[in-house]
Amino acid sequence: MAMHRAYRAAGYVLTEYEFSVPLDHALPDGERVTLFGREVADPDGPERPLLVFFQGGPGMEAARPTGPPPEPRWLARALKDYRVLMLDQRGTGRSTPVGVLAGLTPAQQAAYLSHFRADSIVRDAEFIRRELGVEQWSVLGQSFGGFCVTAYLSRAPQALREAFITGGLPPVGLHTDEVYRRTYPRVLERNRRYYDRYPEDRARVLEVHRLIEKDGLTLPSGDRLTQRRFQQLGLLLGMNDGAEKLHYLLELAPTSPAFLHDLEAALPFARNPIFCVLHESCYADGCATRWSAERVRPPEFDAPELFTGEHVFSWMTEDYRALRPLQQAAQLLAEHEWPQLYDPEQLARNDVPVAAAIYADDMYVDRELSEATAARIPGLRVWLTSEYEHDGLRTDGERILDRLIDLARYRL
């Protein structure tokens, strides 16, 4: 039975749960991991139905509710109709965390990590739903969380009253090479826009490269900053405030503590190792990735002033000291033939009300591939909008969730 604790804070009624679930749901008597979830309720709504939130990532814990005013912003709209279960997906936050996996061989590390994709996360959610005695609940997925929701629609649609997806309709049945090949032109365009807005930053970027080559730059962790790691700051450029964050970083003196601390914090791979070692596998719908982003990287990105985007590379387990204990496991996972995540036949039979926001200019999740997936799913209504970047749920979540609830409930 779940362990739980209830209290009031920040204007909410909060109930914290811990669940013990199998690492491998096919082996219910085998090794177990702990899952943490925090239920957030309005004081006037303790009996409202549950909405489960699936965080983006992979490898990030659920947002922590604060307020007033409510943060994350979409909570204000959600709590009018629901209690919200903020789930720390396996391996993140207060769930049993994934770290260096000390004491395991690389093969054992890889075998352990193979159970941390969307299919396992859905099985976790189903375990929790049964444990709480809930017949059906609603789900909301942001980015990778939308991949989890789509897997849920494939694997256990009978458990869902309705589903909402923001910036996270995944490609179905497509090789990861094609997925990542499509990302680079969008990232190249973001570089062009960035330097159009901040032309003086080109010289600043080249100066950082010069310093790395001449004397080297040491990050607070003790890691030596490499040129290719510095180029990963393009990860910021797909967010609403990403260009400004990058600019404000680059205007700092590159040898200053502020620059070095902020640069390291902007790239969360050491904090969230799943984000590196399982990133490509979250797209692997029946294939091995073999470092897709690295293999299809266009030669234009050899230019030192160009930033890459949401791409992971085999060298990261060398350049990020914190990831070195997982280096061989990451290679084994890259060679692993992953099973399918989604069931096209089940998606084609869908009768769950679904509403999805697709961001027309999303740098991370390809618009055309999202639209193709939407066309596979009967009952899914799309809101295609150019008003927001990938983080629209963070910046204007109350409005976005309200629109999706209307779309799902009032289908034509």
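Since the structure is predicted, the reported quantities are computational estimates derived from the model, not experimental observations. (Residues numbered from 1 in each chain as written. Predicted model: local features only at pLDDT ≥ 70, side-chain atom pairs only at ≥ 80, totals over all residues. Heavy atoms only, no water.)

1. Some words on helix H5 (residues 176–197)
Piece 1. Over its 22 residues, H5 runs 32 Å from end to end, which matches the ideal 32 Å to within 8%, given 1.5 Å per residue.
Piece 2. When we look at burial in H5, the residues that qualify are Thr-176, Asp-177, Val-179, Tyr-180, Thr-183, Tyr-184, Arg-186, Val-187, Arg-190, Asn-191, Tyr-194 and Tyr-195.
Piece 3. In the core, the buried residues of H5 are packed alongside helix H6 (201–214), helix H8 (242–250), helix H11 (292–295) and helix H15 (367–376). (Helix = DSSP H or I, 4+ residues; strand = E, 2+ residues; numbered from the N terminus. Expected span 1.5 Å × (residues − 1). Buried < 20%, exposed > 50% of the residue type's maximum accessible area, 1.4 Å probe, protein only. Contact = heavy atoms within 4.5 Å.)

2. Re the packing of helix H2 (residues 106–113) against helix H13 (residues 327–335)
Piece 1. At a minimum axis separation of 8 Å, H2 and H13 run at an interaxial angle of 55 degrees. Judged by the angle between their axes, H2 and H13 are oblique. The chirality of how H2 crosses H13 is right-handed. Each of Pro-106, Ala-107, Gln-109, Ala-110 and Leu-113 in H2 lies in contact with H13, whose residues at this interface are Gln-328, Ala-329, Leu-332 and Leu-333.
Piece 2. When grouped by side-chain class, the residues that make up the contact of H2 with H13 number seven nonpolar, two polar and no charged. (Axes fitted to C-alpha atoms, helices over the stretch in contact; angles between N-to-C directions. Parallel < 35°, antiparallel > 145°, perpendicular 65-115°, else oblique. Left-handed = near helix turned anticlockwise from the far one by under 90°. Nonpolar A, V, L, I, M, F, W, Y, C, P; charged D, E, K, R; others polar.)

3. Looking at H13
Piece 1. Of the residues making up H13, those classed as buried are Ala-329, Ala-330, Leu-333 and Ala-334. Projected down its long axis, H13 carries its buried residues within an arc of 140 degrees, all on one side. (Arc of directions from axis to C-beta.)

4. As for the pattern of salt bridges
Piece 1. Scanning the entire structure with this criterion turns up 43 salt bridges.
Piece 2. One salt bridge connects Arg-94 with Glu-16, and the closest N-O pair in it is separated by 3.2 Å. You can see Arg-94 sitting in the loop between strand S5 (83–88) and H2 and its partner Glu-16 sitting in strand S2 (residues 12–22), a full 78 residues away along the chain.
Piece 3. It is possible to trace a salt-bridge network through shared partners that takes in Glu-189, Arg-190, Arg-192, Arg-193, Asp-196, Asp-361 and Glu-389. (Salt bridge = Lys/Arg side-chain N within 4 Å of Asp/Glu carboxyl O.)

5. Topic: the nonpolar core
Piece 1. Among the nonpolar cores identified, the biggest contains 111 residues, and Phe-54, Trp-137, Val-139, Tyr-152, Phe-230 and Phe-269 are the most heavily contacted of them.
Piece 2. When residues in this core are grouped by element, the largest group, seven residues, is from helix H4 (residues 144–155).
Piece 3. Other than its neighbours up to four places away in sequence, Tyr-152 contacts Phe-54, Val-122, Ala-125, Glu-126, Arg-129, Trp-137, Val-139, Pro-157, Ala-159 and Leu-160.
Piece 4. Core analysis: the next-biggest nonpolar cluster, separate from the first, contains 27 residues, Trp-74, Ala-78, Tyr-82 and Ala-357 among them. (Core = buried A, V, L, I, M, F, W, Y, C linked by side-chain atoms within 4.5 Å.)

6. Section: the side chain of Glu-126
Piece 1. The topology assignment puts Glu-126 in helix H3 (residues 118–132).
Piece 2. Discounting residues that sit within four places of it in the chain, Glu-126 has contacts with Tyr-152, Ala-156, Gln-158 and Ala-159.

7. Focus on unusual backbone geometry
Piece 1. Geometrically, the link from Gly-57 to Pro-58 is a cis peptide bond, its omega value of 5 degrees lying close to zero.
Piece 2. Within the fold, Pro-58 resides in the loop between strand S4 (50–54) and helix H1 (75–81).
Piece 3. At the junction of Glu-71 and Pro-72, the peptide bond is cis and its omega measures out at -5 degrees in the coordinates.
Piece 4. As for its placement among the helices and strands, Pro-72 is situated in the loop between S4 and H1.
Piece 5. At Leu-101, a position not held by glycine, the phi torsion is positive, near 55 degrees.

8. Some points on the pairing of S5
Piece 1. Most of S5 is tucked away: six of the six residues are buried.
Piece 2. Here S5 shows two buried faces, one formed by Arg-83, Leu-85 and Leu-87 and the other by Val-84, Met-86 and Asp-88.
Piece 3. In this sheet, S5 lies alongside strand S3 (residues 32–41) in antiparallel orientation, the contact comprising five bridges. Across the sheet, the residue bridging to Gly-37 is Leu-87, located in S5.
Piece 4. Pairing geometry for S4 and S5, over four bridges, is parallel. Opposite Leu-51, over in S5, you have Val-84 as the bridge partner.
Piece 5. Running through H1, the crossover from S4 to the neighbouring parallel element S5 is right-handed. (Pairing = 2+ DSSP bridges. Right-handed = clockwise from strand over helix to strand, strands pointing away.)

9. Describing the sheet that holds S4
Piece 1. Read across the open sheet, the nine strands follow the order S1-S2-S3-S5-S4-S6-S7-S8-S9; overall the sheet is mixed. At either margin of the open sheet sits one strand with a lone partner, and together these are strand S1 (3–9) and strand S9 (380–385). Strand-to-strand twist of the sheet, defined as the mean angle between neighbouring strand axes without regard to direction, takes the value 20 degrees.

10. Topic: the environment of Val-179
Piece 1. Tracing the backbone through its elements, the reader meets Val-179 in helix H5.
Piece 2. Given a relative accessible area of 5%, Val-179 falls into the buried group.
Piece 3. Spatially, the C-alpha atom of Val-179 lies 42 Å from that of Pro-46, the residues being 133 residues apart in sequence.
Piece 4. Each residue touching Val-179, except ones within four places of it in the same chain, is listed here: Pro-171, Leu-174, Tyr-283 and Leu-369.

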